[in-house]
2 protein chains.
Amino acid sequence: MPPTHTTILTGDRPTGPLHLGHFVGSLRNRVAYQHDYRQFIMLADAQALTDNMDDPAKVHRNVIEVALDYLAVGVDPARSTVFIQSQLPELAELTFYYLNLVTVARLERNPTVKEEIRLRGFERDIPAGFLCYPASQAADITAFKATLVPVGEDQIPMIEQTNEIVRRFNRIAGRDVLVEATALVPPVGRLPGIDGKAKMSKSLGNTINLGASPDEIRAAVKKIYTDPLHLRVEDPGHLEGNVAFTYLDAFDPDQAGLAELKAHYVRGGVADSLVKRRLEACLQESLAPIRERRQQLAQDRGHILQVLRQGTERAREAAARTLDEVKAVLGLRYF
Amino acid sequence: MPPTHTTILTGDRPTGPLHLGHFVGSLRNRVAYQHDYRQFIMLADAQALTDNMDDPAKVHRNVIEVALDYLAVGVDPARSTVFIQSQLPELAELTFYYLNLVTVARLERNPTVKEEIRLRGFERDIPAGFLCYPASQAADITAFKATLVPVGEDQIPMIEQTNEIVRRFNRIAGRDVLVEATALVPPVGRLPGIDGKAKMSKSLGNTINLGASPDEIRAAVKKIYTDPLHLRVEDPGHLEGNVAFTYLDAFDPDQAGLAELKAHYVRGGVADSLVKRRLEACLQESLAPIRERRQQLAQDRGHILQVLRQGTERAREAAARTLDEVKAVLGLRYF
């Protein structure tokens, strides 16, 4: 890992294969960050269980799938520490103690938690682990003394929550044991689903997976949401909310050509089918090497496990150092 | 430890030295149980922190004090496994997963938690760790597959909560991985404070500590609550709520003589000072050997730490076996 004072913690809940939304929103950035920063990438299986206790096998299976996605897009295990959350008991221990540093009322006011509770339809039957996950996230972030945490805009309150815990703990310690983190909101916003919905999500069935086959890519592009008012080729088209163009913005290597196409589309005279052909070509080209590397890597499960074992060991050492400091402050060293 | 299918988990929050209430309510029983049952005795330092984050040094100090109390009353480390909760990361891990098996609403309905929240005046500012402690207690109990948990009547809902978690987990597993526990409510009720209040408690200043000096015992007995209506020696006295007699019930080795004294007291003609002299003699006699053994043991802090280290290692092995089974069910074994 590069020597640096900036440490990033990032990761994913392994509940399904990663898709283009992940690629644009985070994976691409990680591949870049790993050259300049110390980067920990967490497969958050324990966190995924907070609302998947009835299907733990799904989470287990997807740990390997997501790890494949990471390596396929170019995450380099020599530069990034890829690890499995549940294999670090230190994170559960830190969570346990941080829960004493946050009130129930504060957790219930957390806008991110509120929204996620609404999305999942939990109402009053929230699993306690779900309400408590900001403390768990604080454990994940502080264990590595991460200073940068790439998140979507909606996750900023989580980072604030972490920093509140950091400050409360440091007040108890009487010195700066833990480190505050800064939310790093990526410049490129979230990629919408192929149906035009704001969020690309497996459960909505509006994704294109990173490992999608050429046929799957073709079928998805065919269905992609464009401009419902653009009925005839000669009609002027609209770019706002036009997912085909949003995707082209993210994937077209010829951005000058794309600008011309957009102007033409807005004037009228460009068929949606032409836009889609261009998009399909871009996606096929972008995803082919990822898919191939992914297929290759998937042949050697032993290698993937080896990468995860090594990353997990390295992450554990870092987390154990922090836990040791935390337990010293709390008088929990006896022997 | 004796070979048995009955396993007891018990313990104390190390927030102060133990007193006569602990002795009568639990310590005496543990000394008896250890001959017949597999017994784990937990110094619940991590649990004590849930509402003592601002004074962790107090908790640390009292771990050793309470361990001294245990050994002084006759807990035998060869028969009972005495361990420190915070030194078993397995318990934090189990807690972490059990939090997914209980809803926030259910925790808020827990009568024991409700009452403790009221007692501590937390209102809406309950630390999350405090609300969640039934899950932590479930971790403590199930980690050792304890089948008997000695508790006061008011703690029965906690055991029910544990068993709910056990049943939910076993349903996920599809077999009985965890074991349900039974609350063991001791026949002798709670010893009142010397001021007549229902609960003997350090914060109320109405205790007699196990390590009390002869002078402290004398002073406490002098202040002890008897019968406020018993103004003249010749007046009939009342036994109900008369703490001097409650203590004699618990400590007088001559129960026949005590019965006579009671009859006489009720008829009239027995001075409170006589009752108190008898009580003081009993307490001095009961506590002298405990105090002496305690003083002796306190000379050799290394020995106490050695006992705790060995107990903690033994406890950890048991907890690790359970955690391993739990993680296997949750698909959290990878390597």
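Keep in mind that this is a model prediction, so the values were computed, not measured.

**Describing the pairing of strand β3 (residues 80-84) of chain A**
All names here are of chain A.
- In terms of residue burial, β3 counts as a mostly covered element, since five of its five residues are buried.
- Along β3, one buried face is formed by S80, V82 and I84 and the opposite face, lined by T81 and F83, is buried too.
- Two strands pair when backbone bridges link them, and strand β2 (residues 38-43) and β3 are joined in this way by five bridges, in the parallel orientation. Residue pairing in the sheet places Q39 in a bridge with S80 of β3.

**Some thoughts on the domain arrangement of chain A**
Residues and elements named next belong to chain A.
- Each domain of chain A was delimited in the assignment, giving domain 1 (7-191 + 301-329) and domain 2 (211-295).
- A straight line from the C-alpha centre of domain 1 to that of domain 2 covers 33 Å.
- Counting residues at the interface gives twelve residues for domain 1, matched by nine residues for domain 2.
- In total, domain 1 and domain 2 occlude about 960 Å² of area from one another, counting both sides; carbon and sulfur atoms represent 66% of this.
- Ranking the residues of domain 1 by area buried against domain 2 places L20, A72 and L191 at the top, with a combined share of 51%.
- Applying the counting rule to domain 1 against domain 2 returns two salt bridges.
- Between D69 and R294 there is a salt bridge, with the nearest N and O atoms lying 2.5 Å from each other.
- One can count four residue pairs in polar contact (both at pLDDT 80 or more) joining domain 1 with domain 2.
- With six residues, helix α3 (residues 56-73) is the largest single contributor of residues to the side of domain 1 that touches domain 2.
- Considering only residue class, the side of domain 1 that touches domain 2 consists of eight nonpolar, one polar and three charged.

**Digging into the interface of chain A and chain B**
- Across the boundary between the two partners, chain A contributes 51 residues, which contact 51 residues of chain B.
- At the boundary of chain A with chain B, total buried surface from both sides reaches about 4600 Å², with 68% on carbon and sulfur atoms.
- Looking at the side of chain A facing chain B, the largest losses of area belong to M53(A), Y334(A) and F335(A), adding up to 18% of the total buried there.
- Between chain A and chain B we count two salt bridges in total.
- R168(A) is the salt-bridge partner of D54(B), the closest N and O atoms lying 3.8 Å from each other.

**Thoughts on the environment of V31(A)**
Residues and elements named next belong to chain A.
- Inspection of the secondary structure puts V31 in helix α1 (residues 20-33).
- For V31, a relative accessible area of 21% corresponds to the partly exposed category.
- Between the C-alpha atom of V31 and that of V75, which follows or precedes it by 44 residues, the distance is 5.3 Å.
- Contact partners of V31, with chain neighbours within four places excluded, come to V73, G74 and V75.

**Looking at the relation of the copies chain A and chain B**
- Expressed as a screw operation, the relation of chain A to chain B combines 0.0 Å of axial shift with a rotation of 180 degrees, fitting to an RMSD of 0.1 Å. Classification of the inter-copy transformation places it as that of a two-fold axis.
- Mapped onto chain B, 100% of the interface residues of chain A are again interface residues, and the two copies thus contact each other with one and the same surface.

**Let's talk about the packing of helix α11 (residues 243-251) of chain A against helix α13 (residues 272-299) of chain A**
Residues and elements named next belong to chain A.
- Between α11 and α13, the shortest axis-to-axis distance is 10 Å and the interhelical angle comes to 40 degrees. Crossing of α11 against α13: the hand is left-handed. The segment α11 lies against α13, with A244, F245, Y247, L248 and F251 engaging V275, R278, L279, C282, L283 and S286.
- Taken together, the residues of the contact of α11 with α13 break down into nine nonpolar, one polar and one charged.

**Focus on the pattern of salt bridges**
- All chains considered together, the criterion is met by 40 salt bridges over all chains.
- With a closest N to O distance of 3.1 Å, E90(B) and R316(B) form a salt bridge. Pair noted here: E90(B) is in helix α4 (residues 89-98) and R316(B) is in helix α14 (residues 301-329), with a separation of 226 residues, a long-range link.
- When its relative accessible area of 7% is taken as the criterion, E90(B) is described as buried.
- In this structure, R218(B) engages D215(B) in a salt bridge whose closest nitrogen and oxygen atoms are separated by 3.0 Å. Here R218(B) pairs with D215(B), and both are found in helix α10 (residues 214-223), just three residues apart, close to one helical turn.
- Residue R218(B) is classed as partly exposed on the basis of its relative accessible area of 38%.
- What makes D215(B) exposed here is its relative accessible area of 53%.
- One continuous salt-bridge network, built from bridges that share partners, spans E65(A), D69(A) and R294(A).

**Re the nonpolar core**
- Counting 216 residues, the largest nonpolar core has F144(A), Y247(A), F144(B) and Y247(B) as the members making the most contacts within it.
- Contacts of F144(B), omitting those with residues within four sequence positions, involve T7(B), L9(B), R38(B), F40(B), F83(B), L88(B), L91(B), A315(B), A318(B) and A319(B).

**A look at helix α6 (residues 111-120) of chain A**
All names here are of chain A.
- Of the positions making up α6, those classed as buried are T112, V113, E116 and I117. The arc enclosing the buried residues of α6, seen along the axis, measures out at 135 degrees, which places them on a common side. Seen from the buried face of α6, the exposed residues on the opposite side, beyond 90 degrees, are R118 and L119.
- Its side-chain oxygen at 2.9 Å from the backbone nitrogen of T112, N110 defines the N-terminal cap of α6.

**Describing the packing of aromatic side chains**
All names here are of chain A.
- Summed over all chains, the structure comprises 16 aromatic pairs over all chains.
- Ring centres of F96 and Y97 lie 5.5 Å apart, and the angle between their planes is 75 degrees; this geometry places the pair in the edge-to-face category.
- On the basis of relative accessible area, F96 is assigned to the buried category, the value being 11%.
- By relative accessible area, which is 2% here, Y97 ends up buried.
- Put simply, the rings of F40, F83 and F144 touch in pairs and so form one group of aromatic residues.
- Positioned above the aromatic ring of F251, the side-chain terminus of R28 is 5.9 Å from the ring centre.

Criteria and thresholds
- The residue numbering used here restarts from 1 in each chain and proceeds along that chain's sequence as written.
- To label them, take the chains in the order written and letter them from A, then take the ligands in the order written and number them from 1.
- Local features in a predicted model are, by the rule used here, given only for residues with pLDDT of at least 70; side-chain atom pairs are given and counted only at 80 or more, and totals for whole chains, interfaces and linings are based on all residues.
- Derived side-chain values reflect all non-hydrogen atoms in the structure, with water molecules and hydrogen atoms excluded from consideration.
- The classification of residues rests on relative accessible area computed with a 1.4 Å probe and restricted to protein chains. Under 20% of the type maximum is buried, over 50% is exposed, and intermediate values are partly exposed.
- For the purposes of this entry, the term helix denotes a DSSP run of H or I that reaches at least four residues, the term strand denotes a run of E that reaches at least two, and both are numbered from the N terminus.
- We treat two strands as partners when DSSP finds at least two bridges between them.
- Boundaries between domains were set according to an automatic or database domain assignment.
- Contacts: residue pairs with any heavy atoms within 4.5 Å of one another.
- Accessible area that two parts lose when put together, with a 1.4 Å probe and added across both, is what the buried area reports.
- A pairing counts as a salt bridge when a side-chain nitrogen of Lys or Arg comes within 4 Å of a carboxyl oxygen of Asp or Glu.
- Whenever a nitrogen or oxygen atom comes within 3.5 Å of another N or O atom, the pair is scored as a polar contact, on the condition that within protein one atom can donate a hydrogen and the other can accept it, and that pairs from neighbouring residues in sequence are kept only if both atoms are in side chains.
- Think of it as three bins: nonpolar holds Ala, Val, Leu, Ile, Met, Phe, Trp, Tyr, Cys and Pro, charged holds Asp, Glu, Lys and Arg, and polar takes everything else, Gly as well.
- Residues below a pLDDT of 70 in either copy are left out; the C-alpha atoms of the rest, at least 70 in both, set the least-squares superposition of the copies.
- A fitted line through C-alpha atoms represents every axis, and for helices the fit uses only the stretch in contact; the resulting angles, taken between N-to-C directions, go from 0 to 180 degrees.
- Working rule for handedness: look at the near helix, and if it is turned counterclockwise from the far one by less than a right angle, call the crossing left-handed; if clockwise, right-handed.
- Residues enter a nonpolar core if they are buried and are Ala, Val, Leu, Ile, Met, Phe, Trp, Tyr or Cys, with the set joined through side-chain atoms within 4.5 Å.
- Within this analysis, the arc is defined by the directions that extend from the helix axis to the C-beta atoms.
- In this analysis, rings of Phe, Tyr and Trp, with Trp reduced to its six-membered ring, are considered paired at centre separations within 6.5 Å, and the interplanar angle assigns stacked below 30 degrees, edge-to-face beyond 60, and tilted for intermediate values.
- The criterion is that NZ of a Lys, or CZ of an Arg, lies within 6 Å of the ring centre and within 35 degrees of the ring normal, and then a charge sits over that ring.

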